[in-house]
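Breakdown of the fold
Now for the letters of each chain:
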Amino acid sequence: MMQIDRRGFLMGTAGAAGLVMLGGQAAPARAAGPLTVGVLIPGSKSDKGWMESGYDGLKAAEKKLGSKIAVKYIENVKFGDMEQVLVALAGKHELVIGVGGQTQASVFKVAPRFPKVKFAIVGGNADAAKPANVSGYDVRQAEIGFVAGAAAAMLSKTGAVSYVGGLEIPAIVNTGKEFGNGARYINPGIKYFENYTGDFDDVAKSKEATLAAIAQGADIHYHILNLGLRGMEQAAREKGTHIIGSYTDRCGTDPLYIAYSITGVGFQVEYAIEQAAAGSWKPEFKPFGLAMGPKSSDMVICTGATPAMKAKLEEIKKDLLSGKIKVLDA
């Protein structure tokens, strides 16, 4: 796997990207050799969240497929640079993956210029305007957010829980709403505090929001944040509260984290690469979530789970799958 420096990459590809945009240059034709994969990671691959989970998926695909694939990735790409980066990646790779729904608008603009390139969006939304060579994968964060809320209510000693999201967009807001609904499903009288920082990476704002919730009694916190999670960690560490982590099971790595929801970001990255390498990739909108198994979506309590708690969570997951419990779409 090769990492590309964002600043050098943008400077080195500006001219080439302009030629591609003007000339409608197609991607290289499929030849013998490894499948070439270019990956855009909007944030840091070390954020303990969405981006790191996506990066873990790249590593898992490399471990599984070995010399059958050649992967390059670029991280910390700002929204204004995404189109340019995608154009440059598409000019040299057969599969291009955007790790995050925030890449969707740029992918939709770039994909028609490269009809022979396969594009996949992890966290993509259903959209009738989806180009014919694009797949969107829905992680169904609101679904597992409901389960996380139920777990939080079971684990809370104060009867109060909180949620901090980054951008106040439907996928993030719906996850917060379902987290609250899941908590109330277990304890109708639970206090629930919900806040949005306007930025997935703002450490100061996420710390401020978490401290405000703690001041009102919250002792279990959930999030949809990237580097902003550092602020929640600081607040929880200072005040002796706990966090339910998102995306990946990292139980045992930090006592702040009492549980983890698994949202399969890396699983979807791995899925896209495996499908393309096997020749079975197809443009589609595909919901993942609980229906795709525990690697796609699950809830893990690290410490303090009683048999009754575990049984209740399993019951809730079954009721979500059957439709007995209905949640908002991501």
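One numbering rule holds for all chains: residues counted from 1, following each sequence as written. The model is predicted, so local features are restricted to residues of pLDDT at least 70 and side-chain atom pairs to those at 80 or more, both for listing and for counting; the totals for chains, interfaces and linings are taken over all residues. To get the side-chain values, take all heavy atoms of the structure and skip hydrogens and water.

1. Comments concerning the environment of E270
Secondary structure elements follow DSSP: runs of H or I of four or more residues count as helices, runs of E of two or more count as strands, with numbering from the N terminus. Turning to its location among the elements, E270 is positioned in helix α9 (residues 265–278). For E270 and V327, which are 57 residues apart along the polypeptide, the C-alpha to C-alpha distance reads 26 Å. We call two residues in contact whenever any of their non-hydrogen atoms come within 4.5 Å of each other. Once residues lying within four places of it in the same chain are set aside, the contact partners of E270 are G57, A60, A61 and K64. Among the polar contacts listed, one links the side chain of E270 to the side chain of K64, at a separation of 3.1 Å. Pairs of N or O atoms within 3.5 Å make up the polar contacts considered here, provided that, within protein, one atom can donate a hydrogen while the other can accept it, and that residues adjacent in sequence are counted only when both atoms are side-chain atoms.

2. A few points about the packing of aromatic side chains
Classification of ring pairs uses Phe, Tyr and Trp, with its six-membered ring standing for Trp, and accepts pairs whose centres are within 6.5 Å; under 30 degrees between planes counts as stacked, over 60 as edge-to-face, and the remaining range as tilted. This model, assessed by the stated rule, comprises 13 aromatic pairs. Centre to centre, the rings of F179 and Y222 are 4.9 Å apart; their planes meet at 15°, and the pair counts as stacked. Of this pair, F179 sits in helix α6 (residues 170–186) while Y222 is found in strand β9 (residues 220–224), placing the two residues 43 residues apart along the sequence. Aromatic side chains Y257 and Y260 sit 5.3 Å apart centroid to centroid with 10° between the ring planes, which places their arrangement in the stacked category. Taken individually, Y257 and Y260 each receive the classification buried, so the pair is uniform in this respect. Feature note: the residues Y163, F179, Y192, Y196 and Y222 constitute an aromatic cluster, connected by ring pairs. Over a ring means this: the NZ of a Lys or the CZ of an Arg is within 6 Å of the ring centre and within 35 degrees of the ring normal. For K45, the ring lying beneath its charged end belongs to Y55, and the centroid distance is 4.9 Å. Only protein chains enter the accessibility calculation, which uses a 1.4 Å probe; a residue is then buried when its area is under 20% of its type maximum, exposed when over 50%, and partly exposed in between.

3. Points about α6
To estimate how far a helix should reach, multiply one less than its number of residues by 1.5 Å. Spanning 17 residues, α6 covers 24 Å between terminal C-alpha atoms, matching the ideal 24 Å at 1.5 Å per step. Those residues of α6 that sit buried are A171, I172, V173, N174, T175, G176, E178, F179, G180, G182 and A183. Buried residues belonging to α6 abut α5 (141–155), β7 (160–165), β8 (191–196) and β9.

4. Focus on unusual backbone geometry
Residue K48 is not a glycine yet carries a positive backbone phi of 60°. Mapping K48 onto the fold places it in the loop between β2 (35–41) and α2 (50–65). Residue classification places K48 among the partly exposed positions, given a relative accessible area of 33%.

5. Observations regarding the packing of α5 against α6
Between the N-to-C directions of two axes lies an angle of 0 to 180 degrees, each axis being a line fitted to C-alpha atoms and, for a helix, fitted only over the stretch in contact. Between α5 and α6, the shortest axis-to-axis distance is 6 Å and the interhelical angle comes to 35°. Note on packing geometry: the crossing formed by α5 with α6 is right-handed. Seen from α5, the contacting residues are Q141, A142, G145, F146, A148, G149, A150, A152, A153 and M154; seen from α6, they are I172, N174, T175, E178, F179, N181, G182, A183, Y185 and I186. Amino acid classes used here: Ala, Val, Leu, Ile, Met, Phe, Trp, Tyr, Cys and Pro are nonpolar; Asp, Glu, Lys and Arg are charged; the rest, including Gly, are polar. By residue class, the composition of the contact of α5 with α6 is 12 nonpolar, 7 polar and 1 charged. Handedness of a helix crossing follows the sense of rotation of the near helix relative to the far helix, less than a right angle counterclockwise being left-handed and clockwise being right-handed.

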